[in-house]
Amino acid sequence: MYCRDTGDVATEYIKQLPRLKSYFASYTRATDRTPELLSRMDSLERVTLDGCAAVTNSGLTHLTRLPRLRELRVSGLGITPDIVDAFPSRVRVHYSL
């Protein structure tokens, strides 16, 4: 998602795509609800949540249950480096400020 005004409602629609492998949101209005919704999409392999100010470590931990997740890229005010340790070693977590 590139539109700054989109957020969790847009993810509600996306979650209905059963074979989606990659999700990207940058500086949107996504909240911790977005990773919670994404955590039900077992097909996801890559997730990027960049600069989404209302996404936190707490919300991101929902993604740990994704069986095919291989890469997570995150940045934002509510995210700390501790998020790296929340994921299994098979997931490459790229954290930045």
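Residues numbered from 1 in each chain as written. Predicted model: local features only at pLDDT ≥ 70, side-chain atom pairs only at ≥ 80, totals over all residues. Heavy atoms only, no water.

## Overview of the overall build of the protein
Stated formally: Elements are defined by DSSP. Helices are runs of H or I of four residues or more, strands are runs of E of two residues or more, and each kind is numbered from the N terminus. We call a residue buried when its accessible area falls under 20% of the maximum for its residue type, exposed when it is over 50%, and partly exposed in between, using a 1.4 Å probe and counting protein chains only. The contact criterion used throughout is that any non-hydrogen atoms of two residues lie within 4.5 Å. What sets the accessible areas is the Shrake-Rupley method with a 1.4 Å probe; for residues, cover comes only from the shown protein chains. None of His or the chain ends enter the tally, which takes Lys and Arg as positive and Asp and Glu as negative. Here the site of a charge means NZ on Lys, CZ on Arg, CG on Asp, or CD on Glu.
The helix and strand tally for the protein stands at 3 helices and 4 strands. Its helices and strands taken in sequence order, the protein reads α-β-α-β-α-β-β from the N to the C terminus. When its C-alpha atoms are laid out on the principal axes, the protein stretches across 30 × 30 × 20 Å. Counting the 97 residues in the protein, one finds 41% classified as buried. Within the protein, counting contacts between residues at least 6 apart in sequence, those at least 24 apart form 46% of the total. For the protein, the exposed surface amounts to about 5,400 Å²; the carbon and sulfur share of it is 52%. Side chains of the protein give 14 positive and 11 negative charges; the mean places of these two sets differ by 8 Å.

## Remarks on the environment of Arg4
Structurally, Arg4 can be placed in the segment before helix 1 (8-14). Considered as a pair, Arg4 and Ala30 are 26 residues apart in the sequence and their alpha carbons are 9.3 Å apart. Residue contacts for Arg4: discarding those within four places in its chain leaves Ser26, Tyr27, Thr28 and Arg29.

## Description of a positive patch on the surface
Rule in force here: Patch construction takes residues with relative accessible area above 30% that form no salt bridge. Like charges are linked within 9 Å, and nonpolar side chains (Val, Leu, Ile, Met, Phe, Trp, Tyr) are linked within 5 Å. A pairing counts as a salt bridge when a side-chain nitrogen of Lys or Arg comes within 4 Å of a carboxyl oxygen of Asp or Glu.
Residues Lys21, Arg68, Arg70 and Arg90 make up a contiguous surface patch of positive charge. Tracing the chain through its elements places Arg70 in the loop between helix 3 (57-60) and strand 3 (71-75).

## Here's the deal with the sheet that holds strand 4 (residues 92-96)
Under the convention used in this document: Strands qualify as paired when DSSP identifies two bridges or more between them. Every axis in this analysis is a line fitted to C-alpha atoms, fitted for helices over the stretch in contact. Angles between the N-to-C directions lie between 0 and 180 degrees.
Strand order in this open sheet of 4 strands is 1-2-3-4, and the pairing throughout is parallel. Of all the strands in the sheet, just strand 1 (22-26) and strand 4 have a single pairing partner and so form its edges. Pairs of neighbouring strands in the sheet enclose a mean axial angle of 5°, with direction left out of account. Looking at chain direction, strand 1 and strand 2 (residues 46-50) are connected through 5 bridges and run parallel. The partner of Tyr23 across the bridge, within strand 2, is Val47.

## Regarding the pattern of salt bridges
Tallying each qualifying case throughout the model produces 8 salt bridges. A salt bridge links Glu12 to Arg33, with the nearest nitrogen and oxygen atoms 3.2 Å apart. Taken together, the positions of Glu12 in helix 1 and Arg33 in helix 2 (residues 33-38) put the pair 21 residues apart, joining distant regions of the chain. Take Glu12: its relative accessible area is 28%, and that puts it in the partly exposed class. A single salt-bridge network, built from bridges that share partners, covers Glu12, Lys15, Arg33, Glu36 and Arg40.

## Let's talk about the environment of Arg70
Owing to a relative accessible area of 38%, Arg70 belongs among the partly exposed residues under this scheme. Not counting residues within four places of it along the chain, the set of residues in contact with Arg70 comprises Glu45, Arg90, Val91 and Arg92.

Functional significance is not addressed by these values, which are geometric in nature.
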